[in-house]
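Below are the chains, spelled out letter by letter.
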Number of protein chains: 4
Amino acid sequence: MIKVGIVGGTGYTGVELLRLLAHHPEVELRVITSRSEEGVAVADLYPNLRGHVDLKFTVPDAQALAACDLVFFATPHGVAHALADEVLAAGARVVDLSADFRLTDIATWESWYGQAHGAPHLVDQAAYGLPERYRSKVCDSKLVAVPGCFPTSIELGLLPLAEKGLLKDQRAIADCKTGVSGAGRGAKVGSLLCEASESLHAYGVSGHRHLPEIRQVLSDAAGSSVDVTFIPHLTPMIRGIHATLYCRSDLSQEELQQLYQQRYADEPFVDVMPAGSAPSTRSVKGSNVCRIAVHKLAYSDQVVILSAIDNLVKGASGQAVQNMNLMFGLEETCGLNHVALMP
Amino acid sequence: MIKVGIVGGTGYTGVELLRLLAHHPEVELRVITSRSEEGVAVADLYPNLRGHVDLKFTVPDAQALAACDLVFFATPHGVAHALADEVLAAGARVVDLSADFRLTDIATWESWYGQAHGAPHLVDQAAYGLPERYRSKVCDSKLVAVPGCFPTSIELGLLPLAEKGLLKDQRAIADCKTGVSGAGRGAKVGSLLCEASESLHAYGVSGHRHLPEIRQVLSDAAGSSVDVTFIPHLTPMIRGIHATLYCRSDLSQEELQQLYQQRYADEPFVDVMPAGSAPSTRSVKGSNVCRIAVHKLAYSDQVVILSAIDNLVKGASGQAVQNMNLMFGLEETCGLNHVALMP
Amino acid sequence: MIKVGIVGGTGYTGVELLRLLAHHPEVELRVITSRSEEGVAVADLYPNLRGHVDLKFTVPDAQALAACDLVFFATPHGVAHALADEVLAAGARVVDLSADFRLTDIATWESWYGQAHGAPHLVDQAAYGLPERYRSKVCDSKLVAVPGCFPTSIELGLLPLAEKGLLKDQRAIADCKTGVSGAGRGAKVGSLLCEASESLHAYGVSGHRHLPEIRQVLSDAAGSSVDVTFIPHLTPMIRGIHATLYCRSDLSQEELQQLYQQRYADEPFVDVMPAGSAPSTRSVKGSNVCRIAVHKLAYSDQVVILSAIDNLVKGASGQAVQNMNLMFGLEETCGLNHVALMP
Amino acid sequence: MIKVGIVGGTGYTGVELLRLLAHHPEVELRVITSRSEEGVAVADLYPNLRGHVDLKFTVPDAQALAACDLVFFATPHGVAHALADEVLAAGARVVDLSADFRLTDIATWESWYGQAHGAPHLVDQAAYGLPERYRSKVCDSKLVAVPGCFPTSIELGLLPLAEKGLLKDQRAIADCKTGVSGAGRGAKVGSLLCEASESLHAYGVSGHRHLPEIRQVLSDAAGSSVDVTFIPHLTPMIRGIHATLYCRSDLSQEELQQLYQQRYADEPFVDVMPAGSAPSTRSVKGSNVCRIAVHKLAYSDQVVILSAIDNLVKGASGQAVQNMNLMFGLEETCGLNHVALMP
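Chain A appears in an unreviewed UniProt entry as N-acetyl-gamma-glutamyl-phosphate reductase from Bacterioplanes sanyensis. The annotation that UniProt attaches to chain A under Sequence similarities (unreviewed entry) is "Belongs to the NAGSA dehydrogenase family. Type 1 subfamily." For the record of chain A, the UniProt heading Pathway (unreviewed entry) holds the text "Amino-acid biosynthesis; L-arginine biosynthesis; N(2)-acetyl-L-ornithine from L-glutamate: step 3/4."

A. Here's a closer look at the sheet that holds strand β8 (residues 171–178) of chain D. All names here are of chain D. One open sheet accounts for seven strands, arranged β9-β10-β8-β11-β14-β13-β12; its pairing is mixed. Each of the sheet's edge strands pairs with one partner strand only, and the pair in question is β9 (201–202) and β12 (270–272). Its contacts with the sheet place helix α7 (residues 149–163) against β8, β10 (227–234), β11 (241–248), β12, β13 (290–296) and β14 (302–309), and it is angled at close to 35° to β11.

B. Structural detail: the relation of the copies chain C and chain A. Note on the copies: chain C fits chain A at an RMSD of 0.0 Å, the axial shift is 0.0 Å, and the rotation between them is 180°. The operation mapping one copy onto its partner corresponds to a two-fold rotation axis. Looking at chain C, 100% of its interface residues are interface residues in chain A too, so the copies touch through the same face.

C. Highlighting the domain arrangement of chain A. Residues and elements named next belong to chain A. Split by domain assignment, chain A resolves into domain 1 (2–125) and domain 2 (149–311). When each unit is reduced to the centre of its C-alpha atoms, the spacing between domain 1 and domain 2 is 27 Å. Domain 1 puts 15 residues into the contact, and the matching count from domain 2 is 14 residues. Where domain 1 abuts domain 2, roughly 1,200 Å² becomes buried across the two surfaces, and 52% of that area is made up of carbon and sulfur atoms. It is Tyr12, Arg102 and Trp112 that lose the most area in domain 1 upon contact with domain 2, and together they represent 49% of the buried surface on that side. Inspection of the region where domain 1 meets domain 2 yields two salt bridges. As a salt-bridge pair, Arg239 and Glu16 come within 2.8 Å of each other at their nearest N and O atoms. For the pair domain 1 and domain 2, the interface holds seven residue pairs in polar contact (both at pLDDT 80 or more). Contributions of two or more residues to the side of domain 1 that touches domain 2 are made by α1 (12–22) and α5 (106–113). Along the lines of polarity and charge, the residues of the side of domain 1 that touches domain 2 split into six nonpolar, five polar and four charged.

D. Representation of the interface of chain C and chain A in the model. Contact residues are listed per partner, giving 33 residues for chain C and 33 residues for chain A. With both sides pooled, the region where chain C packs onto chain A buries about 2,700 Å², and carbon together with sulfur makes up 64% of that total. Put simply, C:Arg50 and A:Asp271 hold a salt bridge, and the shortest N to O gap is 2.6 Å. Linking chain C with chain A are 10 residue pairs in polar contact (both at pLDDT 80 or more), by the criterion used here. If you list the elements that add at least two residues to the side of chain C that touches chain A, you get α1 (12–22) and β11 (270–272) of chain C. A per-element tally of the side of chain C that touches chain A places α1(C) first, with five residues. Counted by class, the side of chain C that touches chain A contains 16 nonpolar, nine polar and eight charged residues.

Parameters and conventions
- Residues numbered from 1 in each chain as written.
- Chains lettered and ligands numbered in written order.
- Predicted model: local features only at pLDDT ≥ 70, side-chain atom pairs only at ≥ 80, totals over all residues.
- Heavy atoms only, no water.
- UniProt positions renumbered as here; feature names shortened; annotations may be inferred.
- Pairing = 2+ DSSP bridges.
- Helix = DSSP H or I, 4+ residues; strand = E, 2+ residues; numbered from the N terminus.
- Contact = heavy atoms within 4.5 Å.
- Axes fitted to C-alpha atoms, helices over the stretch in contact; angles between N-to-C directions.
- Least-squares fit on C-alpha atoms with pLDDT ≥ 70 in both.
- Domains from an automatic or database assignment.
- Buried area = accessible area lost by both parts, 1.4 Å probe.
- Salt bridge = Lys/Arg side-chain N within 4 Å of Asp/Glu carboxyl O.
- Polar contact = N/O pair within 3.5 Å; in protein donor to acceptor, adjacent residues only side chain to side chain.
- Nonpolar A, V, L, I, M, F, W, Y, C, P; charged D, E, K, R; others polar.

So, in structure tokens, the structure goes:
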């Protein structure tokens with residue numbers, strides 16, 4: 001059994017980790033930390049866990065965490081740096097759900113996050129936890145940076161083209177729609193039901209922190225610089241991200257369909273749908289799957305790729321568990337075989 | 001033109017007042033106050049008001065308010081007491097949307113609100129602003145306390161029975177369902193879309209602050225003490241209150257229907273629906289109407305009354321304007337003739 | 001492995017059965033029928049099942065069904081009668097999610113459902129599938145009638161009182177709030193998002209078909225006739241039922257709390273929450289649990305019981321699987337240990 | 001007073017017309033037709049109209065309609081052709097909310113709508129009812145074709161660029177998000193709350209009927225052929241369309257901002273927001289305004305225009321009334337000065 005600790009367990013990625021780990025056959029939950037909720041039973045904060053988890057929140061303690069085999073960090077950016085260093089030094093492994101170790105270029109990280117990087121020496125050791133591209137690195141790594149929710153949906157949607165060099169000389173467009181849980185459990189006016197339901201708007205138009213991460217992965221896949229216009233929209237639902245990706249190509253519908261199906265043929269969590277499909281976010285609600293459909297428009301070179309994930313599962317906690325499975329040599333799908341909740 | 005000021009205009013009752021007053025033919029908006037948003041244009045905080053209202057928020061200033069004919073207080077309880085006193089002394093009239101002047105018994109107020117009453121000498125002058133019962137008092141008053149949202153729905157639903165003495169010797173039940181806007185625009189975790197949508201729960205089971213107000217009005221109508229069990233529920237919608245009221249009576253369906261129709265025959269904002277109806281909250285969304293249906297169940301003495309209002313209109317700002325109209329001798333429906341938005 | 005067939009698999013209880021059975025360790029799905037979708041892959045109609053279920057819908061065929069060990073009927077009322085008879089005669093067992101075998105009194109069934117009962121000789125053999133009261137009967141039965149969604153929430157909420165004889169001489173009130181999935185997947189105007197969201201209304205005030213079932217079970221538990229006023233409300237969410245139950249008792253809060261905790265101490269799917277709690281429907285979304293809180297109001301004999309279930313799980317398909325587990329001697333919780341999806 | 005008739009008044013554009021016309025100071029509602037609801041009081045089908053409209057639905061009757069000054073057609077495409085011809089011949093004017101007279105090229109219409117055009121001789125007389133571009137034509141016309149909801153949001157968003165010739169040599173992208181009311185009040189499974197809420201998906205990717213209309217208007221504005229990639233998405237809200245428009249330009253943010261502000265300076269229903277803004281659909285809910293923000297991304301030639309309307313108001317019935325006002329020489333804003341409902 002893998003002894004697991006969770007740092008920062010009160011947010012939505014924290015409770016989702018608990019849902020996935022509570023019945024994971026190879027995991028024993030040992031520690032879950034929260035400064036604000038110290039001493040509170042997890043199941044009192046999250047009654048859905050009554051009968052499933054009987055831990056209490058404790059103040060983060062390096063020793064208790066170091067006694068774990070693996071520590072998940074579900075903390076805001078900038079928080080994981082120092083503690084992750086300590087935990088790694090003690091021999092535990094780390095899966096970080098924040099942005100702290102996603103960017104390989106430290107100056108880029110510091111410029112987007114407006115602070116000094118707290119553990120620059122660890123950046124080289126970190127694997128970017130998108131198994132569909134970096135599986136072998138993840139398997140060998142003691143520190144994995146789980147991709148952002150938007151980047152996951154966009155990167156999986158564009159990787160087949162990027163890897164073939166087909167995104168050169170163009171600027172792809174990623175028009176993304178997210179549920180409100182992406183904004184976290186913080187008490188912000190903009191996330192109130194009365195503000196966010198029955199409405200829809202764009203945000204971060206002048207630049208969103210997920211952009212450098214998307215550029216990094218697609219450029220790495222392409223072997224040369226790839227840029228993307230990325231516009232996120234807040235939509236009135238709890239879970240789900242839908243990326244609508246626009247680029248140009250001379251490939252036909254059949255060629256595109258074949259390219260995507262072959263690329264993801266062996267991927268347990270990427271579902272390339274039949275030509276003509278349009279994935280709905282609810283078809284992945286609560287599951288770790290990314291569903292993709294690729295469309296070539298008639299009489300033009302316009303390609304439109306539709307990509308849907310649950311932002312809290314494949315876009316965060318599910319992908320974190322998928323990485324854990326790889327790091328510990330388990331079946332990649334272990335504990336992750338949930339059918340999406342529909343309706 | 002009535003010169004109008006609003007104290008505490010950043011909440012949902014504030015913006016709803018602005019919606020209703022922006023095109024009220026007899027009103028000139030002069031002042032709107034907010035400490036936190038001082039200097040901000042109202043239309044920047046509430047873009048729906050762009051092109052309709054060009055005021056800026058100012059810090060509350062007794063002199064500026066005293067220069068108005070009428071000041072609405074859309075403040076949390078306990079805030080209106082001192083300032084209202086000053087404004088009244090200067091000759092302006094006051095319509096208070098908080099609970100500060102609703103209860104005639106000061107000890108009761110202090111016990112439910114956990115603080116000393118800040119203006120006990122004004123309580124006697126205050127009219128309870130439910131025009132359907134206290135119209136003449138409202139017309140003569142310089143200080144009106146707008147009823148709470150739940151009390152409005154419950155009192156209008158039970159008044160015909162209470163006034164006939166038919167609620168004696170029984171404890172009526174008021175099972176109420178409210179939209180989330182009733183919790184205000186404060187950044188509370190429980191009001192987040194991710195917490196409040198796709199869910200439903202009761203709250204305040206052990207006692208809700210609206211209870212003494214309901215008892216006071218129904219007992220006054222009955223001429224003797226009337227008690228009610230009142231359980232509110234938070235439901236996943238923005239606007240609306242639905243009260244389901246249970247009591248017992250020997251009257252037949254026809255007699256009940258006639259009682260209600262006669263009682264409200266001349267009321268512009270109470271719609272007694274035909275026998276067999278079930279009002280939906282959306283049928284009053286954005287309008288000042290309370291729709292009521294009364295049902296006698298077969299083979300029993302069980303009476304079920306259904307009552308629906310928009311909590312921000314008839315339950316707050318619309319009723320406030322209705323009171324203003326009466327206080328200034330205008331047509332009661334002036335500026336309040338909105339058709340509910342449907343769908 | 002239990003060979004399972006499903007009749008009428010295109011509705012919401014059908015797809016929910018598939019979600020629960022797809023990974024049930026003791027079940028092999030063999031047949032799923034639908035006249036309207038014959039030949040269509042289940043995963044084409046319900047993309048959440050892509051990769052989990054690869055059956056196609058077939059026209060109901062008595063022989064194919066008779067080759068199963070167990071057939072679930074997820075059909076409208078009146079449909080199961082004849083086919084269930086055939087299937088039972090062939091030696092398979094039947095779990096019926098419709099109302100067809102819930103009522104022991106055939107005349108009552110015929111009067112509420114407006115048609116002749118199609119298999120009156122089977123009624124005596126049918127067990128009412130509420131294991132918390134009829135477990136041993138279910139274990140011994142070849143035909144189980146799964147309770148309705150509202151009855152499940154109400155009966156579990158009132159059973160401890162009914163069994164103690166405490167509902168005599170009073171008429172309890174059950175004010176119920178349901179999500180829209182209770183209305184099924186039929187294309188009805190009233191179930192459209194534009195009609196049912198952002199609104200709330202009562203329905204079936206003059207009498208709902210679930211009423212005789214509630215009366216039957218509570219009267220059986222009480223050993224004498226028990227009547228209930230039952231008013232359902234349609235609320236703007238997909239899943240969930242919340243029953244707010246009102247009755248009177250001289251028992252104290254402590255006595256009530258103890259009564260409920262003792263009654264359900266050994267029940268894996270009933271969670272009696274601590275005194276002062278208010279269960280939310282989202283705390284059971286996707287799970288088979290019924291969460292209950294019992295409240296005694298101060299200065300009165302008023303008891304308020306709050307009961308929350310997922311109408312598609314404990315209120316239908318989950319309870320159906322729970323019954324299957326009992327009928328086949330499996331662990332009662334087998335395949336039903338889902339953590340509710342939150343947020 | 002303008003005597004008004006409405007053909008096909010049971011859908012969402014019909015009830016929205018009634019909301020807007022019920023208190024329009026220059027309108028007298030005379031006739032409202034519906035074959036399916038003949039004899040039913042409008043207020044029985046739409047209880048929000050109780051006390052505002054006391055008409056009953058009647059079967060369409062050319063004579064009764066011809067006695068009106070203006071007839072609105074709120075019918076599915078293909079229905080208005082013959083009856084509009086009759087009504088026009090009798091001297092009444094027509095505002096058609098369907099697609100029947102929007103396209104100037106009859107072959108294009110027939111190819112997209114899959115049927116023969118029923119009144120080709122009227123096409124030349126029809127004005128395309130986007131007053132912001134075709135105001136003088138509308139003023140002079142007896143037959144106005146109200147633009148589609150998506151086209152309104154896209155055309156207003158791109159007109160300033162198209163008219164300057166800046167959309168040549170590129171294919172703009174229109175990623176649109178609509179509320180479910182755009183699908184109408186028909187009982188379709190895909191529009192059920194349980195299907196459409198808590199989810200989001202693209203549709204019509206291979207080609208949507210609004211595309212030729214968009215091409216026609218933008219090409220006319222540009223003076224040469226303009227093409228657009230248009231992908232609509234169904235989002236979980238009742239009302240609202242948000243168009244996110246992508247194109248390329250060498251103009252700076254300041255130049256673009258100035259271009260848009262100047263273009264719409266005199267338009268009462270187009271609100272160009274300050275640089276850096278992001279309009280939300282709720283800021284126009286129930287109002288006839290289109291709010292637009294224009295963004296130039298840094299370090300690229302990427303322009304992103306955000307455009308928000310209420311699909312039932314500026315996207316349908318409100319724009320229809322705006323056209324009526326112009327046709328009858330009224331103030332263009334008459335009866336259309338609603339503040340959006342927020343929250």
